[in-house]
Every structure is written in C-alpha cells, then in structure tokens.
Amino acid sequence: MNGTDRNEGSGVLEGAVIAVAGAAGPAGRATLLRLAEAGATVVASDSHPERLAEAVDAARYAHGGATVTGDTVDLLDVGAAREWVDKTEKEFGRIDGLVHLVGGWRGSATFAETSLADWDFLEKLLIRTVQSTSLAFQDVLQRSDRGRYVLVSAAGASKPTEGNAAYAAAKAAAEAWTLALGDAFRKAGGDDGPTSAAAILVVKALVHDAMRAERPNAKFAGFTDVKELAEAIAGVWDMPAGEVNGKRLWLTPQP
C-alpha cells in the first residue's frame, strides 16, 4: 500500500462519496486533499467548526472543482450521526465510505497513576464515536458497490504500555467494534463474499510538517506521515472488499 503513484486508484474513487469524521486535524486535512484529488465528493465533519471550515476550504482550493463540504456533527449521538447520513445520501444520492479519524490521547507516567477520568474522556472520543458512525453508516455502505469503513488505530492497542492503559484499551475496543462490523459485511455478502468492507489501518503514531518544524532534530522513528496515511486510506478502495474486510493493515512494524 506504500509507494503507489498518487494518481493510481483515482478511477476507483472518481464519483464516490466519502464521509470523513474528525477531518479538521492534520490527518484529516491530508485525507480531504487526497480524496478530493482522486475525484471523490468529500463530506467532512468535526467538532471544531472553524478548523473544519479551514480544512474544507484548503481541499477545495487545492483541487479546483472538487466538491468538499463540512458539517459539525455530534458523533457521540447516534441519532445525529444518522441525520448526517440521511442528509448526505439525500444530497449526493449515495455514500461509499466513512473514514474515522476522530482521535485524542491521555495517559500517565505509570500504571498506578492512571486516572479513570482519562478513561471516561477516551471512551467517548475513541469508542462512542466509532459506535455511532458504524451503526449509522452500515446500511448505506452495504448498499454501495464500493462501501468502506476505515478506522485508524494505534499499534499500542496490541501491546499496551503501563502509562497508556486507558488509551490502548479504548483503541482495542474500537478495533473490536470495527471487526464486528466487518463480520456483518461478511455475512451480508454470503457465498459471493463481502461487497463492502470494514478495515483498520494501524500506525505507531502520526507526524506532520508542523511537528517536524517544531522539533527539527527529532527522528520520529516508526511514525507515519499524515500524507502516507492519506495515501493508504485511498488505497483501501483499490483492493477488493474481501481482501481488506475485517483486516488490520499495518503501516508500521507489528509489535
């Protein structure tokens, strides 16, 4: 999935309608740009209206003629997520993907110092938003001829460290929930195999240009650049549903 030409796969995404949750951060911005470049209609959401508007404008400006829209959606509320789906499908006639980039981190120096308040925060951010989007988008993605639900997760979910107990557990729960969606897609496909897929992209951590500028001497070993992540996200549509459904696709060495 790495090193592909940036225009490869544009035919697969040409005319597709892709929703991106958590679109205002660096990974979201890179993903909006890549999907717009590939010819997709991109429907972005985030809880930060001003940052979302900036990200949407940047994608539109970079790819003149691209359709990129933004909505502030409360993804802790499955009803609000369903309203987002209904509005998007009514406007564009279809939805072919949901990219889940809602993220955040809290941790501690040691296991003993773990705060359950951090768990309460991360459970909402990293699990509840996955639950809401997956339940809201399942049917419309199943109806698509190229439906994809893409979760970005962390290697720490498979090998948690003591100060990352809450974060790793939340990420692991989000992965399990996504794999359950993949099983639903598998069963819906029957003997012919799934036509839609739920896939997990696993990174150690993400890095972007501003981080490198702030820490010019840092190596960021094993980190995935947000542009590489965006390329990998687009690449999920290049592969048949059966090859990616219910799979963890590692962008960093497995621990």
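Up top is the structure.
Small disclaimer: the values here were computed from a predicted structure and weren't measured. (Residues numbered from 1 in each chain as written. Predicted model: local features only at pLDDT ≥ 70, side-chain atom pairs only at ≥ 80, totals over all residues. Heavy atoms only, no water.)

## Things to note about the layout of surface pockets
1) Next: The computed volume of the largest pocket comes to approximately 1200 Å³.
2) Next: In this structure, the largest pocket is lined by 47 residues; those nearest its centre are Leu101, Val102, Gly103, Gly104 and Tyr167.
3) Next: Counting residues per element, the ones that place at least two in the lining of the largest pocket are α2 (26-37), α5 (116-143), β5 (148-154) and α6 (165-189).
4) Next: Counted as a void, the second largest pocket has a volume near 220 Å³.
5) Next: Around the second largest pocket, the lining is made up of 12 residues, and of these Arg29, Ala30, Leu33, Val226 and Lys227 lie nearest the centre.
6) Next: For the lining of the second largest pocket, the secondary-structure elements that each account for two or more residues are α2 and α8 (226-235).
7) Next: In terms of residues, the lining of the second largest pocket owes the most to one element, α2, which gives five residues. (1 Å grid on protein atoms, 1.4 Å probe; cavity = no way out; pocket = protein on both sides within 12 Å on 5 of 7 lines; lining within 4 Å. Points joined across faces, edges and corners; volume = space filled by probe spheres on them. Helix = DSSP H or I, 4+ residues; strand = E, 2+ residues; numbered from the N terminus.)

## Thoughts on the packing of aromatic side chains
1) Next: According to the stated counting rule, one finds two aromatic pairs in the structure shown.
2) Next: Seen in terms of ring centroids, Trp84 and Phe137 are 5.4 Å apart; in terms of plane orientation they differ by 80°. Their pairing is edge-to-face. A residue pair is termed long-range when its members are at least 10 positions apart, and Trp84 in helix α4 (residues 78-92) and Phe137 in helix α5 qualify at 53 residues.
3) Next: Lying over the aromatic face of Phe121, Arg106 brings its terminal NZ or CZ to 3.7 Å of the ring centre. (Phe/Tyr/Trp six-rings, centres within 6.5 Å; stacked < 30°, edge-to-face > 60°. Lys NZ or Arg CZ within 6 Å of the ring centre and 35° of its normal.)

## Side note on a negative patch on the surface
1) Next: On the surface, a cluster of negative charge is made up of Asp74, Asp77, Glu83 and Asp86.
2) Next: With respect to the helices, strands and loops of the structure, Asp74 is situated in the loop between β3 (68-71) and α4. (Patch = residues over 30% accessible without salt bridge, like charges linked within 9 Å, V, L, I, M, F, W, Y side chains within 5 Å. Areas by Shrake-Rupley, 256 points an atom, 1.4 Å probe, with all protein chains shown as cover. Salt bridge = Lys/Arg side-chain N within 4 Å of Asp/Glu carboxyl O. Lys, Arg positive; Asp, Glu negative; His and termini not counted. Charge placed at Lys NZ, Arg CZ, Asp CG, Glu CD.)

## Considerations on α6
It helps to recall that an α-helix has 3.6 residues per turn; residues three or four apart then point in one direction.
1) Next: Between the first and last C-alpha of α6 there are 36 Å, a value that for 25 residues agrees with the 36 Å anticipated at 1.5 Å per step.
2) Next: Every buried residue belonging to α6 is among Ala166, Tyr167, Ala168, Ala170, Lys171, Ala174, Glu175, Thr178, Leu181, Gly182, Phe185 and Gly189, and all of these are buried.
3) Next: Against α5, β5, β6 (197-203) and β9 (247-250) lie the buried residues of α6.
4) Next: Where α6 ends, the next residue or the one after it, Gly190, has phi of about 65°, a positive value. (Expected span 1.5 Å × (residues − 1). Buried < 20%, exposed > 50% of the residue type's maximum accessible area, 1.4 Å probe, protein only. Contact = heavy atoms within 4.5 Å.)

Read these as spatial facts, not as claims about activity.
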